[in-house]
Each structure stands twice: as C-alpha cells, then as structure tokens.
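Now for the letters of each chain:
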Amino acid sequence: EEQEEDVLRELRLFLRNVTERLALDRRFKAFTKPVDIEEVPDYLMVIRKPMDLSTLLTNIDQHKYVTVREFMSDTDLIWQNALEYNPDSDPMDRHIRHRACALKDTVRAIIRDELDEDFERVCEEIRESR
Ligand SMILES: Cc1noc(C)c1-c1cc(NS(=O)(=O)c2ccccc2)cc(C(=O)O)c1
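One structure accompanies this document, and this report is about it.

### Re the overall build of the protein
Working step 1: A tally of regular secondary structure across the protein gives 6 helices and 0 strands.
Working step 2: With respect to the three principal axes, the spread of C-alpha positions in the protein is 50 × 30 × 25 Å.
Working step 3: Within the span of the protein, comprising 130 residues, buried residues form 42% of the whole.
Working step 4: Sequence-distant contacts, at least 24 apart, represent 69% of the contacts inside the protein between residues at least 6 apart.
Working step 5: Accessible surface, the protein: about 8,100 Å² in total, of which carbon and sulfur atoms supply 52%.
Working step 6: Computed over 21 positive and 31 negative side-chain charges, the separation of the two mean positions in the protein equals 4 Å.

Set out below in structure tokens:
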C-alpha cells in the first residue's frame with residue numbers, strides 16, 4: 001500500500017546516494033562502467049555475473065532492490081569479480097585488488113554508519129510479504 005511505496009522510495013533515494021558517492025571516488029573509476037569486452041575479450045568467460053556502479057543505478061531505477069541486503073549482494077559482485085579476474089602478483093592486478101578491497105570496506109562502512117537497522121527490517125518485512 002501507500003506506506004510501503006513510501007518506504008521503498010526512501011530506500012531507492014538512499015541506495016542512489018550511496019552509489020553516486022562511490023562513483024565520484026577516483027579510486028573506483030574502473031568500477032563505474034561494465035568491463036569493456038573489446039579491451040578484455042575473455043572477461044565473460046571468467047566472470048559469470050558482471051556488475052558495475054552504473055548498472056547498480058539502473059537496477060535501483062528499475063525497482064530491482066526491495067532491501068539493502070539485495071543491493072549489497074550486487075555491490076559485493078563488483079569487488080568479488082575484480083579479485084577473481086585479477087589474481088596475479090603483477091602490479092596491475094595488485095592495484096585493482098587494492099581498489100576492490102577499498103570498495104568492499106567503503107560500502108560496508110557507509111551501510112554500518114548510515115543505515116538504520118529498523119528501516120532495513122521494515123524493507124525485509126515488505127520483501128517477505130510479496
Ligand atoms: C574492473 C575490472 N575488472 O577487471 C579489469 C581488468 C577491470 C578494469 C576495467 C577497466 N576498464 S575497461 O574495461 O574499460 C579497460 C580495460 C583495459 C584497458 C582500458 C580500459 C579499467 C581497469 C583499470 O585498472 O584501469 C580495470
């Protein structure tokens with residue numbers, strides 16, 4: 001009903017704000033767009049579920065996320081994919097892994113500091129009722 005739509009609208013505002021702040025952080029530039037398959041031809045053979053910050057925004061606008069937990073599953077894909085595709089000891093791989101870990105820590109810190117657990121509980125109730 002109306003109150004539920006108000007809660008989900010507030011969730012989308014929060015998730016958009018978090019995503020836009022991540023996209024503005026220079027450390028995360030490589031995560032702002034899908035990995036370019038022209039530049040990385042074997043990427044989709046290694047990574048089954050690509051994800052990036054622009055796709056997160058599209059998903060938010062398409063009402064894909066009803067809870068922060070669902071949003072976090074997709075943000076986790078971004079850094080997990082980067083760790084999986086770039087496992088080597090060469091400086092480039094180490095550099096992208098360092099940024100992937102920074103993305104993981106930054107998202108968790110924002111959620112810990114800015115998400116009210118009662119709000120997330122209401123979102124989980126809505127998801128279970130659907
Ligand atoms: C993300 C990601 N996961 O695996 C890799 C590898 C990356 C990644 C993707 C991009 N952006 S891109 O796919 O458009 C591109 C790849 C190669 C040359 C030029 C552009 C950049 C970087 C980077 O470190 O700058 C890394």
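### Comments concerning the packing of helix H1 (residues 2–24) against helix H3 (residues 53–61)
Working step 1: Taken N-terminus to C-terminus, the directions of H1 and H3 make an angle of 165°; their axes are 10 Å apart at the nearest point. Looking at the two axes, H1 sits roughly antiparallel to H3. The handedness of the crossing between H1 and H3 is left-handed. Contacts from Arg12, Leu15, Arg16, Thr19, Glu20, Leu22 and Ala23 in H1 reach Leu53, Leu56, Leu57, Ile60 and Asp61 in H3.
Working step 2: The residue inventory of the contact of H1 with H3, partitioned by class, reads 7 nonpolar, 1 polar and 4 charged.

### Describing the site of the ligand
Working step 1: Ala30, Phe31, Val35, Asp36, Glu39, Val40, Tyr43, Tyr85, Asn86, Met92, Ile96 and Arg99 make up every residue found near the ligand.
Working step 2: The side chain of Asn86 places a nitrogen or oxygen atom 3.1 Å from an oxygen atom of the ligand.
Working step 3: In isolation the ligand has 550 Å² of accessible area, and contact with the protein removes 65% of it.
Working step 4: The dominant element in the shell around the ligand, judged by the number of residues it contributes, is helix H5 (residues 91–114), at 3 residues.

### Here's the deal with unusual backbone geometry
Working step 1: The residue His63 is not glycine, and still its phi comes out positive at about 60°.
Working step 2: A residue is classified by how much of its surface remains accessible, and His63, at 47% relative accessible area, is partly exposed.

### With respect to the nonpolar core
Working step 1: Grouped together as the largest cluster of nonpolar side chains are 33 residues, with contacts concentrated most on Leu15, Leu22, Phe31, Val68 and Leu103.
Working step 2: With sequence-adjacent residues up to four places away left out, Leu15 is seen in contact with Ile60, Tyr65, Val68 and Phe71.

### Concerning the packing of aromatic side chains
Here the distance between the centres and the angle between the planes together describe a pair of aromatic rings.
Working step 1: On inspection of all chains with the given rule, the structure shows 3 aromatic pairs.
Working step 2: Ring plane angle 40° and centroid distance 6.4 Å describe the contact between Phe28 and Phe31, whose orientation is recorded as tilted.

Criteria and cut-off values
Residues numbered from 1 in each chain as written. Predicted model: local features only at pLDDT ≥ 70, side-chain atom pairs only at ≥ 80, totals over all residues. Heavy atoms only, no water. Helix = DSSP H or I, 4+ residues; strand = E, 2+ residues; numbered from the N terminus. Buried < 20%, exposed > 50% of the residue type's maximum accessible area, 1.4 Å probe, protein only. Contact = heavy atoms within 4.5 Å. Areas by Shrake-Rupley, 256 points an atom, 1.4 Å probe, with all protein chains shown as cover. Lys, Arg positive; Asp, Glu negative; His and termini not counted. Charge placed at Lys NZ, Arg CZ, Asp CG, Glu CD. Axes fitted to C-alpha atoms, helices over the stretch in contact; angles between N-to-C directions. Parallel < 35°, antiparallel > 145°, perpendicular 65-115°, else oblique. Left-handed = near helix turned anticlockwise from the far one by under 90°. Nonpolar A, V, L, I, M, F, W, Y, C, P; charged D, E, K, R; others polar. Near = heavy atom within 4 Å. Polar contact = N/O pair within 3.5 Å; in protein donor to acceptor, adjacent residues only side chain to side chain. Core = buried A, V, L, I, M, F, W, Y, C linked by side-chain atoms within 4.5 Å. Phe/Tyr/Trp six-rings, centres within 6.5 Å; stacked < 30°, edge-to-face > 60°.

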